[in-house]
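Examining the three-dimensional arrangement
One-letter residues, chain by chain:
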Amino acid sequence: MRLMALGVDFHQYQRFTQLTPSVGYYGNSPELRYSVETGYAPNREEFDFCRQFVITVALRLTEINARAVPPSWK
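Summary of the structure given here. Since the model is a prediction, treat every value here as computed from it, not as a measurement. (Residues numbered from 1 in each chain as written. Predicted model: local features only at pLDDT ≥ 70, side-chain atom pairs only at ≥ 80, totals over all residues. Heavy atoms only, no water.)

To continue, consider the pattern of salt bridges. Where side chains of opposite charge bring their charged atoms close, a pairing between them can arise. Counted by the stated rule, this structure contains five salt bridges. Notably, a salt bridge pairs Asp-48 with Arg-51, separated by 2.9 Å at the nearest N-O pair. Residue Asp-48 and its partner Arg-51 are located together in helix 3 (residues 44–67), separated by three residues, close to a single helical turn. The salt bridge partner of Arg-67 is Glu-63, with a shortest N-O separation of 3.3 Å. Taken together, the residues Arg-67 and Glu-63, both in helix 3 and four residues apart, mark about one turn of the helix. Overall, the relative accessible area of 64% leaves Arg-67 in the exposed class. (Salt bridge = Lys/Arg side-chain N within 4 Å of Asp/Glu carboxyl O. Helix = DSSP H or I, 4+ residues; strand = E, 2+ residues; numbered from the N terminus. Buried < 20%, exposed > 50% of the residue type's maximum accessible area, 1.4 Å probe, protein only.)

What follows is the structure, given as structure tokens:
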């Protein structure tokens, strides 16, 4: 629901998450790690889709942030 409220297409988000590695902290390690399936090698079309998805979402978030009304501090 949060994605839809931001105007992000859910199906595009699902495809993006399927195409990108999982990144996070594992165990007690302070280092970020990523996990991918064996043979992970996105093709040019998949790379272009992911790049365009990130740009589109970043622009959408910037637009929302620019229209946000700052709180009035009294």
